[in-house]
Structures are given as structure tokens and as C-alpha cells.
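Read off the chains here:
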Amino acid sequence: MSRAALHKENLVQTAMRLFRRQGFAATGLQQILTESGAPKGSLYHYFPGGKDALAVAAVELAGRLISEELDRLAQQVESPEALLAAYADTLGRWMEEGSFTSGSPITTVLLECAPQNEAVTAVGRAAHDDWIRIIAEVYRTAGLEAEEAQERAELAIISFEGALILARVRESAAPLHLVARRLAGLG
């Protein structure tokens, strides 16, 4: 990877991590630059829209990473219940590894930027829709009709996103596992 591409990638990954931990408003461009190690000029070169453009890239990256993880998990499980349990385990492990200082990889930014920032809103919507699509496909494969599969997948994402907040506040992965168990109980 070229040095320039590495600077761009480091900026996005650093922004994603800081936005997730601190929020959009509390994260300054100077902090992103310092922690990423990228030269100052690279930020506006790659992100002429400044912090808003960086937020779009960070939400896109985070959304894609979660989609990839959900796809990977969906390929390994035999049922929707197993997918939800595996996803709860993954989210719980990430929360524990970060000492519960981070939340959802996109929700923090969306809460501060949507709906007024249309670009951030659009990439956030696309990320959530993709996560829902992956989970709904597992439900459909298990025999649910398309509408029921879609609703259950939406409920799963809604529930996990809320559970991430409670997990952070309680410094415990238990809310994530509760969501997986209770959603599995919907049978």
C-alpha cells in the first residue's frame, strides 16, 4: 500500500475509533491527525469536506466491517438463533476488549449527525439496511416468510444497538446476551 493510501486509511480508521469512543462533536480534527500519524495536508486532500466527509468515510467503513462480520457468522451457523448468539458474543468481546469505552461503531455519529447531515444519514441507513438484510436472509433460510424475516431482523438490529448502550453503561456484555436469548425465544 502506498504511503498516501496508508495516510487515508489511517485517518478513516482513527476517526472511526474516536467517533465511536468520544462522539462526533467531541472529536477534533487535530486529535484525528495526531493519532493517525497522517500529515495535516492529507486530511483536506482526501476529505475536502472536512470532518463531515471523514464521518461519512468512517460510518461507511464501520458499516462494511460489521456487514463482513455478520456475513462470516451467517456462513458458520445453522439457525437464526445461533447467528444472534454468535453476534452477541462478538459484540460482547469487542466491548470487553475496549474496556466498555466504545459503543456501536456508527450509532454515536448518527445520533449527532442524522438527519441534518444527509450524507452521513444515507451511509448510516445503508449500513443498517445491509445488516438487516444479512440477518433476514438467515431467517428466510430457516423458513420464515420474507415480511416476518425482515421484521425480526430489524428487531434484532434495534435491540442490539440499544443493548450496546446498556452494555457500555453497565460495563457488562450481559445486555447483548439477553437480547440474543430473548429474540431466540420468539420462535
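Just above, that's the structure.
Residues numbered from 1 in each chain as written. Predicted model: local features only at pLDDT ≥ 70, side-chain atom pairs only at ≥ 80, totals over all residues. Heavy atoms only, no water.

### Describing the side chain of H128
Then step 1. Mapped onto the elements of the fold, H128 is located in helix α7 (residues 118-141).
Then step 2. Apart from the residues lying within four places of it in its own chain, the contact partners of H128 are I106, L110, I157 and E161. (Helix = DSSP H or I, 4+ residues; strand = E, 2+ residues; numbered from the N terminus. Contact = heavy atoms within 4.5 Å.)

### Some words on the side chain of S42
Then step 1. Along the chain, S42 turns up in helix α3 (residues 40-46).
Then step 2. Since its relative accessible area comes to 8%, S42 is described here as buried.
Then step 3. With sequence-adjacent residues up to four places away left out, S42 is seen in contact with H7, L11 and F47. (Buried < 20%, exposed > 50% of the residue type's maximum accessible area, 1.4 Å probe, protein only.)

### Looking at a negative patch on the surface
Then step 1. On the surface, a cluster of negative charge is made up of D129, E147, E151 and E154.
Then step 2. Counting residues per element, the negative patch draws most heavily on helix α8 (residues 146-170), at 3 residues.
Then step 3. Considering the arrangement of structural elements, one finds E154 in helix α8. (Patch = residues over 30% accessible without salt bridge, like charges linked within 9 Å, V, L, I, M, F, W, Y side chains within 5 Å. Areas by Shrake-Rupley, 256 points an atom, 1.4 Å probe, with all protein chains shown as cover. Salt bridge = Lys/Arg side-chain N within 4 Å of Asp/Glu carboxyl O. Lys, Arg positive; Asp, Glu negative; His and termini not counted. Charge placed at Lys NZ, Arg CZ, Asp CG, Glu CD.)

### Details of the pattern of salt bridges
Then step 1. Inspection of the entire model under this criterion finds 7 salt bridges.
Then step 2. Where R93 meets E97, a salt bridge forms, and the shortest distance between an N and an O atom there is 3.9 Å. Here E97 and R93 lie together in helix α5 (residues 80-97), a separation of 4 residues that amounts to about one turn.
Then step 3. Ionic pairing is found between E137 and R140, a salt bridge with its closest N-O pair at 2.9 Å. Pair noted here: E137 and R140 are both in helix α7, with a separation of 3 residues, about one helical turn.
Then step 4. The class of E137 is partly exposed, set by a relative accessible area of 39%.

### Notes on unusual backbone geometry
Then step 1. At the junction of A114 and P115, the peptide bond is cis and its omega measures out at 0° in the coordinates.
Then step 2. Relative to the helices and strands, P115 is located in the loop between α6 (107-113) and α7.
Then step 3. Backbone geometry places F100, a non-glycine residue, at a positive phi of 60°.
Then step 4. Tracing the sequence through the fold places F100 in the loop between α5 and α6.
Then step 5. Judged by its relative accessible area of 13%, F100 is buried.
Then step 6. The phi dihedral of E171 falls on the positive side, at around 55°, and the residue is not glycine.
Then step 7. Positionally, E171 belongs in the loop between α8 and α9 (174-184).

### What to know about α5
Then step 1. Between the first and last C-alpha of α5 there are 26 Å, a value that for 18 residues agrees with the 26 Å anticipated at 1.5 Å per step.
Then step 2. Listed as buried for α5 are P80, L83, L84, A86, Y87, A88, T90, L91, G92 and M95.
Then step 3. Directly after α5, the chain includes S99, whose backbone phi takes a positive value near 50°. (Expected span 1.5 Å × (residues − 1).)

### As for the layout of surface pockets
Then step 1. In this structure, the largest pocket occupies an estimated 280 Å³ of space.
Then step 2. Around the largest pocket, the lining comprises 13 residues; the ones closest to its centre are M16, R20, W94, S102 and P105.
Then step 3. Within the residue set of the lining of the largest pocket, elements represented by two or more residues are α1 (3-22), α4 (51-76) and α5.
Then step 4. At 4 residues, α1 tops the list of elements feeding residues into the lining of the largest pocket.
Then step 5. Classifying every residue of the lining of the largest pocket gives 6 nonpolar, 3 polar and 4 charged. (1 Å grid on protein atoms, 1.4 Å probe; cavity = no way out; pocket = protein on both sides within 12 Å on 5 of 7 lines; lining within 4 Å. Points joined across faces, edges and corners; volume = space filled by probe spheres on them. Nonpolar A, V, L, I, M, F, W, Y, C, P; charged D, E, K, R; others polar.)

As far as function goes, none of this settles anything; it's purely spatial.
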